[in-house]
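In case you want the letters, here they are:
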Amino acid sequence: MRFDSYQTEGFYDEMFDAVGSPRVEAEPLVERIQSLPEGELRRRHQAAERALMRLGITFNVYGDGEGTERIFPFDIVPRIVPWEEWERLERGLAQRIRALNMFIDDLYHDQKVVKDGVVPAELIESCTSFRPQCVGLNPPGGIWCHITGTDLVRSDDGNIYVLEDNLRCPSGVSYVIENRSVMKETFPMVFSGLGVRRVEDYAERLLATIESVAPPHASRPTIVVLTPGVYNSAYFEHSFLAKEMGVELVEGRDLAVVDGYVCMRTTKGFERVDAIYRRLDDDFLDPLAFRKDSMLGVPGIMDVYRQGRVTLVNAPGTGVADDKVIYSYVPKIIQYYLDQEAIIPNVPTYLCWIEEDRNYVLDHLAELVVKPANESGGYGMMVGPHATKETHEEFRRRILDKPRNYIAQPTLSLSRVPTLIGDAFEGRHVDLRPYILYGADEIFVLPGGLTRVALRKGSLVVNSSQGGGSKDTWVLSPPNGQWQSQSQNGGGDA
Amino acid sequence: MLSRVAESIYWLNRYIERAENVARLVDVNLHLLLDLPEMFEGQWDALVHVSGDYEDFKERHGEANQSSVIEFLTFDRENPSSILSSVMAARENARSTRESITSETGEAINEVYLSITAPGAKDQAIQNPHEFFRGVRRASHLVEGANSETSSRNEGWHFARMGRSIERADKTTRILDIKYFLLLPDISHVGTAVDDIHWGAVLRSAGAFEMYRKAYGKVTANSIVRFLLLDAQFPRSVRHCLTRMDKSLHMVTGTPERSYSNSAERRLGQFLSELEYADERDIMRQGLHEYLDMLQTRINEVGDALHETFFALKPVTEAAAG
């Protein structure tokens, strides 16, 4: 299987440089792939997809009746991140999360950041994901965002930018781990000896993170994962993480507030729960505190939380930092709390609620990407250059109607990675979502992450709900360095 | 363990065992078809009588013949006891408990689901039914084996075993009951070669032929009833199934054996004692079909009691927090 006819077509390619030679860190991989017999890669790829199907690693697509279960398409050519680059990203992400956590804590207490004029007050007041119910809360250790998935993209200038923050219920980490395990099974000879860093201990780290913020009353805290249920699109991940951590996966109906504590219904009666990794949005968490019509939550759980008798991970209220208008202030937020320059820059962002920006956006709809301030999953956005005139006009109306709800960014030329399409390699655009854990003791960035790939030719939308797939992400260890002991199969060929 | 999870594990195992036993039921006829081709007409009716809703079948499928009955019992999604419905229900339960069952068990269940829903599975079942139903039985064994060899003997495992056992006990009574519906040309055929062939098919379908031979040798109605209902050692006999269930039940609650702390233990214990002291001659005198009916009712009662005891925890009354 050769890369001879592979074209980077002027895009930044993660595997090949501008003249078409493999990048230094990708050389061994390119060599190994090229040495495979004709058709072998395709066969392995099919084997990998069968394995995912057999393991039931599927996600549900909203809105279909039957056949709602699909595997998340998996591409067998990995994306490589050289160790120097990763080292910088790791620092940048830790910096960003530390600052965002301080920001959230501040917002729900004194709002110094507003008083000092860094973030406008009206912005917070108009933020739909700001939760007045959380004002004055003090989560253990002052940590609100225990688990974050931050979306990064590389543009054609070669720089990596933060595209968005996900501090509510970021999903996808199970695919990181499963992709790796399928990759190792189907491709042991390509994998071994390259010094790829481990992602398999994520669940252990996650468990330690949650334990570190459990209420002090529990010497051996009981931890559970709370899922909206089997029909949720990320259900596989919820059960995967519960299983990997060895804890119960509960639904709202399994829990009840009994004598001031959250308890689960077991075959032996009610049993106290101390910390909940909830994969349920704030809105649905407690019908007494948030949406009254929620059937998925636990009535009264917010009261227990306020009393410090249960820990919620992430804390309610963190969604405020996902707001894409607030996102544009993150470099200032980092400056304000940490007195540092942001290590990973933001994508330049136009805020439609500011007149000057709005006029620019309305004049350039055909060039920009327009996004709602408060959606995730790629819903409700418009990629200007790929959209019709009618859509441009539709978004013009929406922006004028609710300017606070929209932001716009230049259409980035996302970097590409060779992807197996039919029997040949073609470049496809990718992003990268690393996962960051923030426990009482430390911030941990998983060396890897979910590389999502837009499988449709030319497409820039990588979301699984919109025809995206994923790739294994190989963060490399420094050569012969101290990382060797942690690296995958670091000892030699298997 | 969570009540919901315990219940799902229990049912997932019931469903897999159910799929296996429907395959076994069909097998009775497939054996007879080979052994008595000339007098086979009408025997497909018998299967529907013991294994499903007869009215429902008549309404939707009309005449009972090989293809309509196999369709009804295998791929009919409107028949809640069909193999397909059972496997789908098992998989749904497995999906909602995948963090509690072992990966190997989950994979085995997913594999049987994928094979039975694969394009062409239906054609294969019609063209080569022996092979197909053998596949279903083996899939069930694979799930059981995977679970047995990878799961700790924890609560989940005991609920799995209870599900398996209670379903199997029920289905063994139904396999035996087929004999009641199988038509003998006339009363004078009782005790003849045709009768023996019927009994042989029943034994084979229950996977009991070899073990029965070792224990009793000659095929006689009384011994077969004794073997399939009252034998202490044969793993598909009703008594053996209920004994296993009783052990698991006591392991879950911690109540000493031969005593009870809830309605499930009491009902099952009582029922089991009666079986332990039952005699096949009394059963035959009373009427086998009637006796089997009674067993099925009692088995259902045990199932209901289990539900009440473990799965239906009422909110905030038995508060035991702290």
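Residues numbered from 1 in each chain as written. Chains lettered and ligands numbered in written order. Predicted model: local features only at pLDDT ≥ 70, side-chain atom pairs only at ≥ 80, totals over all residues.

Caption draft 1: Representation of the overall build of chain A. The number of helices and strands found in chain A is 15 helices and 22 strands. The C-alpha atoms of chain A give 23 Å as radius of gyration, which agrees with the globular expectation for 494 residues (23 Å, within 12%). Taken along its principal axes, the extent of the C-alpha atoms in chain A is 65 × 60 × 50 Å. The buried share of chain A, taken over its 494 residues, is 48%. (Helix = DSSP H or I, 4+ residues; strand = E, 2+ residues; numbered from the N terminus. Rg over C-alpha atoms; globule rule 2.2 N^0.38 Å. Buried ≥ 20, exposed ≤ 12 C-beta atoms within 10 Å, placed from the backbone.)

Caption draft 2: Expanded view of the overall build of chain B. The helix and strand inventory of chain B stands at 16 helices and zero strands. A compact globule built from 322 residues should have a C-alpha radius of gyration of about 20 Å, and chain B, at 20 Å, falls within 12% of that. The C-alpha extent of chain B, read off along each of the three principal axes, is 70 × 50 × 35 Å. For chain B, contacts bridging at least 24 residues in sequence account for 68% of all contacts bridging at least 6. (Contact = placed C-beta atoms within 7 Å.)

Caption draft 3: Spotlight on the sheet that holds strand S6 (residues 223-227) of chain A. Residues and elements named next belong to chain A. Spatial strand order, S7-S6-S11-S12: four strands in an open sheet with parallel pairing. The sheet is open, and its two edges are formed by strand S7 (248-251) and strand S12 (311-313), each paired on a single side. Between one strand axis and the next, the sheet turns by 30° as a mean value, whatever way the strands run. When strand S11 (residues 275-278) meets S12, the two strands line up parallel, connected through three bridges. Residue pairing in the sheet places Ala275 in a bridge with Thr311 of S12. In this fold helix H8 (residues 202-212) packs onto S6, S11 and S12, with an angle of close to 105° to the strand it touches most, S6. Its contacts with the sheet place helix H9 (residues 235-245) against S6 and S7, and it is angled at close to 175° to S6. (Pairing = 2+ DSSP bridges. Axes fitted to C-alpha atoms, helices over the stretch in contact; angles between N-to-C directions.)

Caption draft 4: Highlighting the interface of chain B and chain A. Taken together, the contact between chain B and chain A spans 25 residues of the former and 24 residues of the latter. No other element matches the five residues that helix H6 (residues 103-117) of chain B contributes to the side of chain B that touches chain A. Here the side of chain B that touches chain A is composed, by residue class, of twelve nonpolar, five polar and eight charged. (Nonpolar A, V, L, I, M, F, W, Y, C, P; charged D, E, K, R; others polar.)

Caption draft 5: Spotlight on the sheet that holds strand S13 (residues 350-351) of chain A. Strand order across the open sheet formed by four strands is S13-S16-S14-S15 (chain A), with antiparallel pairing between neighbours. Either end of the sheet is taken by a strand with one partner, and the two such strands are S13 and strand S15 (382-383) of chain A.

Caption draft 6: The packing of helix H14 (residues 263-276) of chain B against helix H16 (residues 288-311) of chain B, seen in detail. Residues and elements named next belong to chain B. Look at H14 against H16: their axes get within 8 Å of each other, and the N-to-C directions meet at 160°. Compared by their axis directions, H14 and H16 come out roughly antiparallel. Crossing of H14 over H16 shows left-handed handedness. From H14, Ser263, Ala264, Arg267, Leu268 and Phe271 reach across to H16, where they touch Arg298, Glu301, Val302, Ala305, Leu306, Glu308 and Thr309. Looking at the contact of H14 with H16, its residues break down into six nonpolar, two polar and four charged. (Parallel < 35°, antiparallel > 145°, perpendicular 65-115°, else oblique. Left-handed = near helix turned anticlockwise from the far one by under 90°.)

Caption draft 7: Focus on the nonpolar core. Among the nonpolar cores identified, the biggest contains 222 residues, and A:Leu100, A:Val262 and B:Val202 are the most heavily contacted of them. The dominant element in this core, judged by the number of residues it contributes, is helix H1 (residues 3-35) of chain B, at 15 residues. (Core = buried A, V, L, I, M, F, W, Y, C linked by C-beta atoms within 7 Å.)

Caption draft 8: Highlighting the pairing of strand S18 (residues 424-433) of chain A. Residues and elements named next belong to chain A. The element S18 is extensively covered by neighbouring structure, given that eight of its ten residues are classed as buried. Where strand S17 (residues 416-421) and S18 come together, six bridges link them in antiparallel fashion. Residue pairing across strands places Pro418 opposite Gly427, the latter belonging to S18. Hairpin connection, S17 to S18: the antiparallel pair is bridged by two residues, and Gly422 has positive phi, about 60°. By the bridge criterion, four bridges tie S18 to strand S21 (residues 450-454) in an arrangement that is antiparallel. Looking at the pairing, Asp431 lines up with Arg452 of S21.

Caption draft 9: Here's a closer look at the pairing of strand S16 (residues 406-410) of chain A. All names here are of chain A. Among the five residues in S16, four count as buried, and that is most of the element. Here two bridges tie S13 to S16, and the two strands are oriented antiparallel to one another. Across the sheet, the residue bridging to Leu351 is Ile407, located in S16. Strand direction decides the pairing type here: strand S14 (residues 368-372) and S16, joined by five bridges, are antiparallel. Its bridge partner being in S16, Val369 is matched across the sheet by Gln409.

Caption draft 10: Geometry of the packing of helix H2 (residues 40-54) of chain A against helix H6 (residues 173-186) of chain A. Residues and elements named next belong to chain A. At their nearest, the axes of H2 and H6 sit 10 Å apart, and the two run at 135° to each other. Relative to H6, the element H2 is oriented oblique. Two packed elements cross with a definite hand, and for H2 against H6 that hand is right-handed. Two secondary-structure elements touch here, H2 through Arg44, Ala47, Ala48, Ala51 and Leu52 and H6 through Val182, Glu185 and Thr186. Looking at side-chain class alone, the contact of H2 with H6 contains five nonpolar, one polar and two charged residues.

Caption draft 11: Quick look at H6(A). With 14 residues, H6(A) should cover 20 Å at 1.5 Å per step; its first-to-last C-alpha distance of 20 Å lies within 8% of that length. Taking burial as the measure, the 14 residues of H6(A) include eleven buried ones, the bulk of the element. (Expected span 1.5 Å × (residues − 1).)

Caption draft 12: A look at the confidence of the model for chain A. Residues and elements named next belong to chain A. Considering every residue of chain A, the mean pLDDT works out to 90; 94% of them sit at 70 or more. Of all helices and strands in chain A, the one with the weakest mean pLDDT is strand S1 (residues 58-60) (67), whereas strand S19 (residues 435-438) scores best (98). Scored below 50 in pLDDT, residues 482-494 shows 27 contacts in the model against residues more than four places distant or in partner chains. (pLDDT = per-residue confidence, 0-100.)

Caption draft 13: Looking closely at unusual backbone geometry. Residues and elements named next belong to chain A. Look at the link from Val313 to Asn314: it is a cis peptide, with omega at -15°. Positive phi is not limited to glycine here, since Asp259 has a value of about 50°. When you line up the elements, Asp259 lands in the loop between strand S8 (255-258) and strand S9 (261-266). Although it is not a glycine, Asp339 adopts a positive phi angle of roughly 55°. With respect to the secondary-structure elements, Asp339 resides in the loop between helix H13 (330-338) and S13.

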